[in-house]
Amino acid sequence: MWFLLSLLCVAAAIEKHSYPPQSYSADGVEHLHIEGVRGNLKLKSKPGKFFSIRVKHAQNPKSEDWHLLIERRKNVLHIEVFNVLSGIAWRKHLRQESWPEFDIEIEGPPRNLRLGWREGSIV
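Here we summarise the structure given alongside this text.

Criteria and cut-off values
Residues numbered from 1 in each chain as written. Predicted model: local features only at pLDDT ≥ 70, side-chain atom pairs only at ≥ 80, totals over all residues. Heavy atoms only, no water. Helix = DSSP H or I, 4+ residues; strand = E, 2+ residues; numbered from the N terminus. Buried < 20%, exposed > 50% of the residue type's maximum accessible area, 1.4 Å probe, protein only. 1 Å grid on protein atoms, 1.4 Å probe; cavity = no way out; pocket = protein on both sides within 12 Å on 5 of 7 lines; lining within 4 Å. Points joined across faces, edges and corners; volume = space filled by probe spheres on them. Pairing = 2+ DSSP bridges.

## Topic: unusual backbone geometry
Even without being glycine, Lys 74 reaches a positive phi, approximately 55 degrees. Relative to the helices and strands, Lys 74 resides in the loop between strand E6 (66-73) and strand E7 (76-83). Judged by relative accessible area, Lys 74 falls into the exposed class, the value being 79%.

## Looking at the layout of surface pockets
In this approach the atoms are scanned with a rolling probe the size of a water molecule, which exposes any empty space left behind. Each pocket or cavity is described by its volume, and for the second largest pocket that value is around 170 Å³. If you trace the second largest pocket, you find it lined by Tyr 19, Pro 20, Gln 22, Tyr 24, Ile 53, Val 55, His 57, Trp 66, His 67, Leu 68, Ile 70 and Phe 102. Contributing elements (two or more residues each) for the lining of the second largest pocket: strand E2 (22-25), strand E5 (50-59) and E6. The element best represented in the lining of the second largest pocket is E6, accounting for four residues.

## Focus on the pairing of strand E3 (residues 31-35)
As paired elements, E3 and E7 share five bridges and run parallel to each other. Opposite Ile 34, over in E7, you have Ile 79 as the bridge partner. Pairing between E3 and strand E9 (residues 112-116): five bridges, direction parallel. Note on E9: the bridge partner recorded for Leu 32 is Leu 113.

Pasting the structure below:
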């Protein structure tokens, strides 16, 4: 019983920090490449010339080294979670309870998608 109560208290203590929406030109973008681990991903098709991206990041003591990279590489818009200290190998070495949590909402013109996501909802 105490264990369950303590888990509920920890879960309630995790806040999500919202970042202002960002706009990225859809001109020349042929597909999206999204790599995350935990969280909620929402993709909404909307005709237009821009992608609007909203991000919420879970704020807890283990989350301070995690970042979300959004950049254009030729004809691909990359959205990728990364850790400065662990580099590329973090996906192989971190235990599940240490996975970062990002909620990402993308609204824009339809494009092909390459997605890597382990836990959460995708809408």
